[in-house]
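The primary structure of each chain is shown beneath.
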Amino acid sequence: MKFNARAPKALREWVCLGSLLVCFGISLTGSAAFAAGAATGTISMSWGTVGAEQNLGVRAIAVNRRGGASGAASVRCTTINGTALAGKDFTAINKVLTWANGDGADQDCNVTISDTTPFTGQKTFYIRLSDATGAPLGTQSQSTVTIYGNKGGGLVSLSAATYTATQEAGSVTITVNRTVGGSGGASVRYATANGTAAAGANYTAVQGSLSWGNNDTAPKSFVIPISTATSFTGSKTVAVALAGAQGANLGSTQSAIVTINGSPALMTATNNDDACMPMNISPPDTLLQYQKKVFAHYFYPFPLSIDNRASSVDYYNTQFLTKTGENNKWLAQGGYLRQRPLGVPTSSDPNSTLLNMEREVTLAAARGITGFTFDVMSVDQATNPTSQLHTMLTAAQAVDSHFKIIVMPDMTALGTDADAVIQIIASVATSPAAYRLTDGRLVVSPFDAGVNPASWWQSVLSGLKSRGIDVAFVPTFLGWKESASAFASISYGFADWGGATTAVANEMEGDAAYARSTYGKIFMAPIDGQQFRPKDYLYWEAGNSAAFRAGWQGAISGDAEWAQLVTWNDFSETSQVAPYTDATLNRSIGTGFYNLNGYYSQWFLSGQQPAITHDVLYYFYRREATTAASPGQSKPDQIYEGNPENNIEVVAFLTAPGTLKITIGGQTYTQNAIAGESSFKVPIQAGTPVFTLSRAGADVFSFQGGVQIYGPAGLPSGVEDLTYWSGSASKTGVCSL
């Protein structure tokens, strides 16, 4: 039996946050592995709505053939005037697209946007499919194209797509231009995000806004401080992006990469400046467009910042991580949490909540996560336009239109309230950031869907259908096989919450194939790194990184269509893949699962195991053994599933065979390691471990673990901490995000 990963409603604790709702974007195609249709397939527009700036030039428009490719097929693609007129605002199209027998590739019906007659505001026209032969038209036979005029407020763009600075310079200036118009005031938001450079270690993260007055077209700029405290070799990158333009349109250069060049290299090795990743990870634009998908469960009670205060004195540090926080509410448990998100700078921007969500989307996409399954526990998330749900939809669209959100009604909180579930799902149906299949169906994946029978869900889906909302239902179960037969007729696929043990991960390796062969459904495989719930006095034995790696290996070898990380940020269950830290705010002690995810996600999405370009060692261990004393709480934590393990682990990614060493308590343990990936464990003991890679009798590099291990007496606080802390290092140093 799977354990319900959400506590009963009475045990729920969360903090509601306000935010803004601004929405503009493009719906993108999703997985079509199980789209309905005969062997000939169906022909559809890839997007229902498309945006284009007036000075864009050619707007790419895709037409797809999905669900089969038997026989030749053709369709006519034509433009139809709306408020935008052919010959004035765009060039008319009347062309026939053809597919040969067996050809399922997308065809283009591209249209040229004219800027010979600038205008203010928006105009629309339509692209319609007709006269299909050899395959029927699908449900999406028309797209609406919105042209954003460049007269009046103009366009705001970064002055370049790339910037370069030296570490010694101490800063880099980023310029934003306002062109082709200056009528009225205008503003735009900006923010930085980690590339291979780490905020706090290599540069200072910045976010804010720039403003222009009426008839003001002068360039504006902001400065990114560069740290000179610790020299590095090679180069590191920072991403910068614009979003949320007001009074003007965003131009074509909305994001850029800043390259910071360090000191001249002291050694030669491929990609040797990355202590976080052992390979060249593909850019998000590549990872986000694969047919397979990697979603991460987003739990909104734990944003990057709860109160926009300095991290050392914010709500996490003063309330959640202390025994006496929230008026002793969690005194018996020794405090609510044992970890927290990495600190973020305070911000005077009124949109700071939105900006922080944009930061999370950027972080997730950088490690191969293609979307969030957003947990919704109340109807307020639907009815409040500034709710976390709607803010996340805005954030996802602002960062990258390929990053998608699946709404996940949490049935442990919503129970049998069908009206609330319908409202929640309907509230995201018009968002371009909501994930849809290529046939236009909105993907919905309720958590613990088995709370209600299939007949109850059929009624909900019918209610949505009456509103014009077609749903691709992918229920998430706590043990999917028990419910599969009853739900098969109404489901596009199945998902399971899994469990943070290697045994559960290994048992589920064949579930995707079983879902396909038995029910003809896709499967969203669960990936769970660890589970430790101080509030419930429970933990699952994940075996250091073993459960996480086994979950990914099962999803890859089992050829699952989708994967779901359980979770991105549920710190109350210690299941987070997002980088984490503790009250010390050390940015290097919770990076292991996040970075490993980049390796496995790329493998899963692309179908190709990434080549290791340089040596990286990852560590995973607890601060204490599971048997250590815990006098600072009312009772010790108990294991729920698995057998207790008390080990220190190093996971090696090596370009060539080598020797792994773990030194602790005055003793050094060694193990010969193959080229590629390997794991080495030794028994836990008091001290701070040192990890070393050696070859031919000489140390290649060596580094100390980020947290101290305590003996049988436990932590000085008397509170039990069974978190697996994690980090990594390469020849150039320790990974710090």
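Everything below is about the structure printed above this text.
Owing to the predicted nature of the structure, the values given are computational and were not obtained by experimental measurement.

**Student:** Just give me the short version of the overall build of the chain, but keep the residues and values in it.
**Tutor:** A count of helices and strands for the chain gives 14 helices and 42 strands. Scaling as 2.2 N^0.38, a compact globule of 737 residues should have a C-alpha radius of gyration of about 27 Å, and the chain matches this with 26 Å. C-alpha extents for the chain along the principal axes are approximately 80 × 65 × 55 Å. A buried classification covers 58% of the 737 residues belonging to the chain. Just so you have it, the chain exposes about 25,700 Å², and 51% of that area is on carbon and sulfur atoms. In the chain, 45 positive and 51 negative side-chain charges are present, and the distance between their average locations comes to 5 Å.

**Student:** Now, about the pairing of strand β17 (residues 235-246): what can you tell me, with residues and values included?
**Tutor:** Where strand β14 (residues 186-194) lies against β17, seven bridges are found, and the strand directions are antiparallel. Counted as the bridge partner of Ala193 is Ala239 from β17.

**Student:** Could you give an account of unusual backbone geometry, with specific residues and numbers?
**Tutor:** Cis peptide bonds are those with omega within 30 degrees of zero, and the linkage from Val566 to Thr567 qualifies with 20°. Note that Thr567 resides in the loop between β31 (562-565) and β32 (580-581). Phi angles above zero are rare outside glycine, and Asn544 is one such case at about 65°. Residue position: Asn544 is located in the loop between β30 (538-540) and α13 (546-557). Although it is not a glycine, Leu585 sits at a positive phi angle of roughly 65°.

**Student:** Provide a residue-level description of the packing of aromatic side chains, including the pertinent values.
**Tutor:** If you walk through the whole model with that rule in mind, you get 47 aromatic pairs. Judged by centre distance (4.9 Å) and plane angle (85°), the rings of Trp456 and Trp457 are edge-to-face. Like Trp456, the residue Trp457 is buried in the burial classification. An aromatic cluster of three or more residues is present, and its members are Phe299, Phe302, Tyr315, Tyr316, Phe320, Trp330, Tyr336 and Phe571. The ring centre of Trp47 lies 5.8 Å from the NZ or CZ of Arg59, which sits over that ring.

**Student:** Explain the pairing of strand β22 (residues 371-376) to me, and be specific about the residues and the numbers.
**Tutor:** Burial within β22 is extensive, with six of its six residues counted as buried. The alternating pattern of β22 places Gly371, Thr373 and Asp375 on one face and Phe372, Phe374 and Val376 on the opposite face, and all of these are buried. Sheet topology note: the β22/strand β23 (residues 404-409) ladder contains six bridges and is parallel. Within the sheet, the bridge partner assigned to Phe374 lies in β23 and is Val407.

**Student:** Before we move on, could you go through the sheet that holds strand β7 (residues 107-108) and cite the residues and values that matter?
**Tutor:** Across a sheet, paired strands are connected by hydrogen bonds in the backbone, their directions being either parallel or antiparallel. Reading across from one edge, β1-β4-β7 is the order of the three strands in this open sheet, with antiparallel pairing throughout. Of all the strands in the sheet, the pair left with one neighbour each is β1 (42-45) and β7.

**Student:** Explain the state of the cysteines to me, and be specific about the residues and the numbers.
**Tutor:** One way to say it: the disulfide is the covalent bond shared by the sulfur atoms of two cysteines. Tallied over the full model, the rule gives two disulfides. Each sulfur in the disulfide pair Cys77 and Cys109 lies 1.8 Å from the other. The chirality of the disulfide connecting Cys77 with Cys109 is left-handed, given an S-S dihedral of about -95°. Of this pair, Cys77 sits in strand β5 (residues 73-80) while Cys109 sits in the loop between β7 and β8 (111-112), and the two are 32 residues apart along the sequence. Like Cys77, the residue Cys109 is buried in the burial classification.

**Student:** Kindly report on the pattern of salt bridges, identifying the contributing residues and their values.
**Tutor:** Scanning all chains against the criterion turns up 22 salt bridges. Asp470 serves as the salt-bridge partner of Lys465, at 2.5 Å between the closest nitrogen and oxygen. Exposure remark for Asp470: the relative accessible area of 30% places this residue in the partly exposed category. When the shortest N-O distance is used, the salt bridge between Arg549 and Glu649 registers 3.1 Å. Of the two residues, Arg549 is situated in helix α13 and Glu649 in strand β35 (residues 647-654); the sequence distance between them amounts to 100 residues. Look at the salt bridges and you will find they share partners, linking Arg549, Glu649 and Glu677 into a network.

Procedures and definitions
Residues numbered from 1 in each chain as written. Predicted model: local features only at pLDDT ≥ 70, side-chain atom pairs only at ≥ 80, totals over all residues. Heavy atoms only, no water. Helix = DSSP H or I, 4+ residues; strand = E, 2+ residues; numbered from the N terminus. Rg over C-alpha atoms; globule rule 2.2 N^0.38 Å. Buried < 20%, exposed > 50% of the residue type's maximum accessible area, 1.4 Å probe, protein only. Areas by Shrake-Rupley, 256 points an atom, 1.4 Å probe, with all protein chains shown as cover. Lys, Arg positive; Asp, Glu negative; His and termini not counted. Charge placed at Lys NZ, Arg CZ, Asp CG, Glu CD. Pairing = 2+ DSSP bridges. Phe/Tyr/Trp six-rings, centres within 6.5 Å; stacked < 30°, edge-to-face > 60°. Lys NZ or Arg CZ within 6 Å of the ring centre and 35° of its normal. Disulfide = S-S within 2.5 Å. Salt bridge = Lys/Arg side-chain N within 4 Å of Asp/Glu carboxyl O.

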